[in-house]
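Survey of secondary and tertiary structure
One letter stands for each residue in the lines below.
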Amino acid sequence: MAGNDWINSYLEAILDVGPGLEDPKSSLLLRERGRFSPTRYFVEEVITGFDETDLYRSWVKASATRSPQERNTRLENMCWRIWNLARQKKQIEGEEAQRMAKRRLEREKGRREATADMSEDLSEGEKGDVVSDLSVHGESNRGKFPRINSVDAMETWASQQKEKKLYIVLISLHGLIRGENMELGRDSDTGGQVKYVVELARALGTMPGVYRVDLLTRQILAPEVDWSYGEPTEMLTPRNSDSFRDEMGESSGAYIVRIPFGPKDKYIEKELLWPYISEFVDGALNHIIQMSKVLGEQIGGGQPLWPAAIHGHYADAGDSAALLSGALNVPMLFTGHSLGRDKLEQLMKQGRMSRDEINATYKIMRRIEAEELSLDASEIVITSTRQEIEQQWRLYDGFDPIIERKLRARIKRNVSCHGRFMPRMVIIPPGMEFHHIVPHDGDMDGETEGNEDNQATPDPPIWSEIMRFFTNPRKPMILALARADPKKNITTLVKAFGECRPLRELANLTLIMGNRDSIDEMSSTNASVLLTILKLIDKYDLYGQVAYPKHHKQSDVPDIYRLAAKTKGVFINPAFIEPFGLTLIEAAAYGLPIVATKNGGPVDIHRVLDNGLLVDPHDQQSIADALLKLVADKQLWAKCRQNGLKNIHLFSWPEHCKTYLSRIVSCKARHPQWQRNNDGNENSDSDSPGDSLRDIQDISLNLKLSLDGEKNEDATLDGALDSEENAVDRKSKLENAVLTWSKGILRETNKAGNIEKADPNTIVSKFPAFRMRKHIFVIAVDSDSSTELLENIQKVFDAAGSAKTSGIVGFILSTALTISEIQSLLLSGGLSATDFDAFICNSGSEIYYPSSSSEGGPSEFPFVVDSDYHSHIEYRWGGEGLRKTLVRWAASIVDKKEANVEQIVTEDEQRSASYCYAFKVKSSELVPPFKELRKLMRIQALRCHVIYCQNGTKLHAIPVLASRSQALRYLYVRWGVDLSNMIVFVGECGDTDYEGLLSGVHKTVILKGVCSSARALLHSSRNYPLEDVVPFDSPNIVETTEQCSSDDIRASLGKLGLLKA
C-alpha cells in the first residue's frame, strides 16, 4: 500500500536485531521467532490494512536511536501498537460483515415482496432484457437512434434537430470552475469532474436543437483564489465556433453561472458545503425562473422556456438538482462521478477508521443520502462504465438491477408496476475534442535529431521543463498523469520501474502530479505520497530517468502527450480503481498506447479502442512486464497506436452529446403548468392588481384586471389601506371578474373534509394576498398540542403588531395537520381563515388558500385547494401500490411484550388524502426510525417522503419531492413570492422534515423551548448530525430566549433587520 515503504526497512531491522532477541526481558512476540514470522505477520496484518503516519514517525525515531536496547524497546512498542490496530481492524471488519449480512437479507426480503406485488410472470423476451444488454456506449442494441460514425451522418442528424430549442441546466458545486486555464490538480475538489462538466456544457452549447446551457456552480470571492471565480457569469467560447451554429440568439450558447452561497469570502472543501445546499437551491431557482422568462420572450412566444432537464454532477449537486427538479417539475439527470457507498466500503475494508470516524471526516452518510435522493428523483442516471452499475450503484437501496429489469419489461408491455419506479441507467462515456489534434506520424528519434539542427517551430516550454530531468531524453517516455493520491498507485509504478532493469534501460518515466510550490504546503496525504516517491527514486538511483516537474498549466497537457508520442512512449494509469479514465482517451487521441488498471472504466475503454494492455494494479511485476512489452515490441506499439486512432471518434463530444440529447428527448416532458394561464405575467416580479378578497381596496383597478404587472407597489398598498369601507362591494365585483379564470380550482382531495364545490361565491382570487406583502411569516412550529400551537401562533401575531393589521406582513401556516384539523384549530382559537394567506398542510402535500366564504360563518368551509400543486408533486407517487406496502409494513410492527400482541402502527383512513397516506402511532418508542422505513420503501422501488410528525404520534407518506420547504418554493414558482422575504418560525426541534425548514435564503427564527421533546423521540437515530445540513452560524438563523414571549420574538426579528421600532 502507498506510504508503507518504511515497513520494509522496519522488518529488516527486526530480523537483524540479533542479540536483543535473546534478552529474557524482550517481548514474547520477538522471542518466539521460531514459531512466529514477524515478516509474514506484518505483511498480512499491517501492510495490507494500514497507512499510519504516526507509526512512520515512530519508526524514524527508532531507526535513528543509537542505543540498541532503546531501539529494541521502541520497536517492541511499535509491535504492540500495530497488534492493537490489527485487532481493532478485525473488530471493525466483523461489525461491517454483520451489517452487510443484514443488508443482504433486507434486500432479498424487499425484492421478494416487490416481486409478489408484481405477480405476473416474465416472458422469455423480458428475461433477456437485462442491464448487460446495454452496449458499452449506453444504448440498447435495439435503440431508435443509430450511432454517428461520420461527418455526413452527423450533419443529417443535425438538420433533424434544428427546430428544437432546448434549455439545459448542469450543476457542479465544488472545486474551482472556469472555462479557460483550469487549475486541475490544485486540490482534491478540482480534478477530472471540473474538466468534464465544463467541456460537456461547451459541447452541448454547440449542438443543434440546444439554445442555451447553464452550468451552475458556486461563486467564490475568497482572496486565496483568482478573481475570475467570483464573476457572476462567464460565457464558454466554442472550441470550433463554426460547428452547427449558423444562427446565434441573444442569450444562446453555454455559460458558467456562479450562484453565491455559503461563506462569502472563503473557499471551502466539498465536505463542508452540505449545510449551504438549500441556499444554493433557492438562488439557482431564482436564476432559472428569470432565465426561463427571458428565453420565453426571445424564442418561446412569451411563454417561459423551462429547462428540458436539470443534470446534477456528484452527490451535492444531485441533492440540489433533486430539489430544483421538484420545485420546477422538470426532468432530472444525475451523474455520480464517484459514489459514497463505494468509498465507505473501501474505507471500512482498510480498517483504519470506524464508521463514525469516517462519517465525521467525510460527511459520508450525508453524501450517501444525497445519492439515494438523486436515485429517487432522477429519470436517468448517466454512468461511464458497466462496472459502475454492476459493482457500485447496486450497493444503494434505491437501485436493484433485478427489480429494474422487471420494471423495464413491464413498462414495455404497458403492464402496471404497482407504483414502483427505478431510474434508467445509461452508459455514455465522457467525450473529448479531437478536431485540433494532429497525431505525429514520423520517426521520433530521427525527427528529434533533425530538430536540433533545424527547428521549424520552437518546442513548447513544458518539453524542456520535463527533458531537463533526463540523462537521455530520446528514450521512450512512460507517462503517468495523476494527483499524488494513494489511490492513484503511483508508488507501485515507481517500484515497478525501479526494479526492472531492462525497462530502465529502454525508457524514461515522467510523473505529472499536479502543481506544487512546496511539499510543506501540500496536504498531508499528498505530501506523504510525494515523499515516498522521492525516497524510491533515491533508493533505486533513478536520477536522470524520472521526471516530476513542479508546475504545468492545463494548456500544457496536450504538449505533454505529444512529447510522449514523439518518443514512442506509453501512457499508464495504474490506479487501484478508476471510475472511468478520461486520460486514457486523451492519450489514445495523441497516438499513445496505454497500460491501465483492470478495475473500472478502463476495461470498457480498452474493449472499444483495443490499444494497449490491462494489468492488476496490485501486481508490480505485471505492470513492469506490460510496459516493457509495449516499449520493446515496436510492431505491437504501432498496432496499438493505430487501433486507438482508428476508434477514437467513438469518444468524441459530438458523439457523446448526440446520445445525451437523445436520452433527454426520450424523457416525458414536464414543466410548471397551471390550469389558468391566460395572462403572460402570472409570475411577474411586479405586484399584480389581484390580491386576496379582504385586501383589494384600490378603486384604480377599475375592475379591468390590468394584468400587465405595471402597478406601483407603494401606491397599490397605500390604496389598499385607505378605503376599507368600500371593500365588500368591490370584493363582490372582483369575484365576478375573475370567475372565468377561477372555475375548476377545487377538487376533492381530502377524504374526510367537507371540501367546497366550485361555487362562484367561494372562489379565491387569481392572485393570493401574499404577492402584495413586504414580508411573509411562515409559522411552521410543530407543537405537541393544539393549545400550544395556538399560543405560538398568537405570539407571532402579537410580535408582528401593526405590520399585521396594515397588511405589510402576511402569514402562512405550515403544519402536518389536515385542512379539517386546521379549521377546527382556528375555530377553537377564535381565528379566521383570512388571518392567513395560505395553508401548507399534510406535511407539505397540500396547499390551501382562504376563500370568500371565510366570512360566512363556521358552517362554511373557508378554504380553496391549489389543485395545480397536486399535479406539480405527483411525480413518482406510488398511489395504491405504496399504500398497500405501508399497510403490510404497519401490520408487522407489533408490541410482542404485551400479553396480547398489539399492533403499534395502524392506518388512519380519516386523515389520509390523495397525496398523503396517514398512520397512527401508538408508541413512538417502539417504531423503527424513519430512516429504516425510508430504506424499506427504496429497496422495494417505492419513492416517497416518509415523515414522523406530531411528536411521533403520526406517520405520513407523501410524494418524494413534496415537503413543507418545497411547498414554499412552489409558491415562489407559482406566484412569484420572494423567498428572501419569508421568515420561517420553527421550534427547537420538530417533525422529521424539520431540517428542510431551517436553511435557505429565507430567515429563520427558532423558538427556544418549543417542541424540544421531539429531539430525543424522533431525531436521536439520525444518519448524520443536524449540523451537517444546517448552518447554525448563519446570520439568517436566530434563536429566541427560553421565555419565548412575543417581545422575545420581536427582538429576534430585530436581529434579522425586520420590524425595528
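Before any of the text, the structure's been laid out above.
Described in the following lines is the structure provided in the data block. Residues take numbers from 1 onward in each chain, read along the sequence in its written order. Reporting of local features is limited, given that this is a predicted model, to residues whose pLDDT is at least 70; pairs of side-chain atoms are given and counted only at 80 or more, and all residues count toward the totals for whole chains, interfaces and linings. Side-chain calculation: all heavy atoms of the structure are included, whereas hydrogens and water are not.

Here a strand is any run of E in DSSP of at least two residues, a helix any run of H or I of at least four, and the numbering for each starts at the N terminus. When helices and strands are counted, the protein chain shows 37 helices and 28 strands. Partly exposed residues are those whose accessible area sits between 20% and 50% of the maximum for their type, while under 20% is buried and over 50% is exposed, using a 1.4 Å probe and protein chains only. The proportion of buried residues among the 1061 residues of the protein chain is 60%. Summarising the internal contacts of the protein chain: among those between residues at least 6 apart in sequence, 74% fall at separations of at least 24. Accessible surface computed for the protein chain: about 43100 Å², of which carbon and sulfur atoms make up 49%. Residue contacts follow a heavy-atom distance rule, with two residues in contact if any of their heavy atoms lie within 4.5 Å. Computed with the Shrake-Rupley method and a 1.4 Å probe, the accessible areas treat only the protein chains shown as cover for residues.

Backbone geometry at asparagine 414 places phi at a positive 60 degrees, although glycine is not the residue there. You can see asparagine 414 is positioned in the loop between helix 15 (401-412) and strand 8 (424-427). Overall, asparagine 414 belongs to the exposed group, its relative accessible area being 72%. Even without a glycine there, the phi angle at alanine 941 is positive, about 65 degrees. For alanine 941, the position within the fold is in the loop between helix 34 (930-939) and strand 24 (944-949). By relative accessible area, which is 0% here, alanine 941 ends up buried.

On to the sheet that holds strand 24. The antiparallel open sheet is built from four strands, whose spatial order is 22-23-25-24. Both edges of this open sheet fall to strand 22 (905-907) and strand 24, since each of them pairs with a single strand only. Strand after strand, the sheet turns through a mean of 25 degrees between neighbouring axes, direction not considered. At least two DSSP bridges between two strands are needed for those strands to be called paired. As paired strands, strand 22 and strand 23 (residues 917-921) are joined by three bridges and run antiparallel to one another. In the sheet register, glutamate 907 faces strand 23, and the bridge partner there is phenylalanine 919. Only the stretch in contact is used when a helix axis is fitted, and all axes are lines through C-alpha atoms; the angle between N-to-C directions ranges over 0 to 180 degrees. Contacting strand 22, strand 23, strand 24 and strand 25 (954-959), helix 33 (residues 879-892) crosses the sheet at an angle of about 10 degrees to strand 23. Seen against the sheet, helix 34 touches strand 24 and strand 25 and runs at an angle of roughly 160 degrees to strand 24.

What follows is about the sheet that holds strand 7 (residues 380-383). Spatially, the eight strands line up as an open sheet ordered 3-4-2-1-5-6-7-8, and their pairing is mixed. What marks the edges here is a single partner per strand, and that holds for strand 3 (233-236) and strand 8. Adjacent strand axes in the sheet meet at a mean angle of 25 degrees, parallel and antiparallel pairs treated alike. The pairing of strand 7 with strand 8 spans four bridges and is parallel. Following the sheet pairing, valine 381 is matched in strand 8 by methionine 425. Docked against the sheet, helix 8 (residues 192-204) engages strand 1 (166-171), strand 2 (210-218), strand 3, strand 4 (253-259) and strand 5 (309-313), running at close to 160 degrees with respect to strand 2. Each of strand 1, strand 5 and strand 6 (332-335) is contacted by helix 10 (residues 314-328), which is oriented at about 160 degrees to strand 5, the strand it contacts most.

Our focus in this paragraph is empty space enclosed by the protein. Each cavity reported here is a set of points on a 1 Å grid over the protein atoms alone in which a 1.4 Å probe fits but cannot get out, each pocket an open set with protein on both sides within 12 Å along at least five of seven lines, and each lining residue one with an atom within 4 Å of a point. Grid points are joined across faces, edges and corners, and a volume is the space filled by probe spheres set on the points. Within this structure, the stated rule accounts for 16 cavities of 30 Å³ or more. Roughly 650 Å³ of internal volume is contained in the largest cavity. In terms of lining, the largest cavity is formed by 34 residues, of which the most central are Leu323, Leu373, His945, Glu995 and Tyr1024. Contributing elements (two or more residues each) for the lining of the largest cavity: helix 9 (277-299), helix 10, helix 13 (364-377), helix 34, strand 24 and helix 35 (964-975). When residues of the lining of the largest cavity are assigned to their parent elements, the largest contribution, five residues, is made by helix 13. The residue classification treats Ala, Val, Leu, Ile, Met, Phe, Trp, Tyr, Cys and Pro as nonpolar and Asp, Glu, Lys and Arg as charged. All others, Gly included, are polar. Among the residues forming the lining of the largest cavity, the class breakdown is 14 nonpolar, nine polar and eleven charged.

To continue, consider the pattern of salt bridges. The rule for a salt bridge is simple: a side-chain nitrogen of Lys or Arg has to be within 4 Å of a carboxyl oxygen of Asp or Glu. Summed over all chains, the structure comprises 44 salt bridges. Of the charged contacts, one joins aspartate 319 and arginine 366 as a salt bridge, the two residues approaching to 3.4 Å between their closest N and O atoms. Here the residue aspartate 319 occupies a position in helix 10, and arginine 366 occupies one in helix 13, the gap between them amounting to 47 residues. On the accessibility criterion, aspartate 319 (5% relative accessible area) is buried. On the accessibility criterion, arginine 366 (7% relative accessible area) is buried.

Three- or four-residue spacings in an α-helix give side chains the same orientation, since the helix completes a turn every 3.6 residues. For a helix, the expected span equals 1.5 Å multiplied by the number of residues minus one. Taking 1.5 Å of rise per residue, 15 residues should cover 21 Å, and helix 29 (residues 786-800) covers 21 Å from first to last C-alpha, within 8% of that figure. Along helix 29, the positions that sit buried rather than exposed are Leu789, Leu790, Asn792, Ile793, Val796, Phe797, Ala799 and Ala800. At the C-terminal side of helix 29, glycine 801 shows a positive phi close to 60 degrees.

With that settled, the discussion passes to the pairing of strand 25. Most of strand 25 is tucked away, with six of its six residues classed as buried. Direction of pairing for strand 23 relative to strand 25: antiparallel, over a ladder of four bridges. Each residue of the ladder has a partner; that of alanine 918, found in strand 25, is histidine 956. Here strand 24 pairs with strand 25 via six bridges, running antiparallel. Bridging across to strand 25, cysteine 949 finds its partner in lysine 954. Once strand 24 ends, the chain turns through four residues before running back antiparallel as strand 25, passing glutamine 950 with a positive phi of about 50 degrees.

The next point concerns the nonpolar core. Counting 133 residues, the largest nonpolar core has Ile171 and Phe280 as its most contacted members. Beyond its immediate sequence surroundings of up to four residues, phenylalanine 280 is in contact with Ile171, Leu173, Leu216, Thr217, Ile259, Phe261, Ser320 and Leu324. Residues enter a nonpolar core if they are buried and are Ala, Val, Leu, Ile, Met, Phe, Trp, Tyr or Cys, with the set joined through side-chain atoms within 4.5 Å. By size, the runner-up hydrophobic cluster in this structure holds 75 residues, among which are Ala596, Leu609, Ala624 and Leu630.

Quick look at the environment of phenylalanine 280 now. Structurally, phenylalanine 280 is set in helix 9. By relative accessible area, which is 0% here, phenylalanine 280 ends up buried. Considering only alpha carbons, one finds phenylalanine 280 and leucine 173, 107 residues apart in sequence, at a separation of 9.0 Å.

Ring pairs are drawn from Phe, Tyr and Trp, using the six-membered ring of Trp, whenever the two centres fall within 6.5 Å, and their geometry is named by plane angle: stacked under 30 degrees, edge-to-face over 60, tilted for the rest. All told, the structure shown has 19 aromatic pairs when counted by the stated rule. Summarising the aromatic geometry, the rings of phenylalanine 836 and phenylalanine 839 are spaced 5.3 Å apart at their centres and angled 50 degrees between planes, so their arrangement reads as tilted. Owing to a relative accessible area of 0%, phenylalanine 839 belongs among the buried residues under this scheme. Clustering of aromatic rings is evident, with ring pairs tying together Phe777, Phe797, Phe811, Phe836, Phe839, Tyr848, Phe863 and Phe985. Here, over-ring charges are defined by two tests on the NZ atom of lysine or the CZ atom of arginine: distance to the ring centre within 6 Å, and angle to the ring normal within 35 degrees. Note that arginine 212 overlies the ring of tyrosine 255, its terminal NZ or CZ placed 4.0 Å from the centroid.

This paragraph deals with the side chain of serine 320. One can find serine 320 in helix 10. On the basis of relative accessibility, which here comes to 0%, the residue serine 320 falls in the buried class. Setting aside chain neighbours within four positions, we find serine 320 in contact with Leu173, Ile277, Phe280 and Val281.

Covered by surrounding structure in strand 12 (residues 570-573) are Val570 and Ile572 together with Phe571 and Asn573, the residues of both alternating faces. With two bridges joining them, strand 9 (residues 477-481) and strand 12 adopt parallel strand pairing. Along strand 12, the bridge assignment pairs isoleucine 478 with valine 570. Bridging between strand 12 and strand 13 (residues 594-597) involves three bridges; their strand directions are parallel. Of the residues in strand 13, the one forming a bridge with isoleucine 572 is valine 595. Following the backbone out of strand 12, through helix 22 (residues 582-589) and into the adjacent parallel strand 13, one traces a crossover that is right-handed. When the strands point away from the viewer and the path from the first strand over the helix to the second turns clockwise, the crossover is right-handed.

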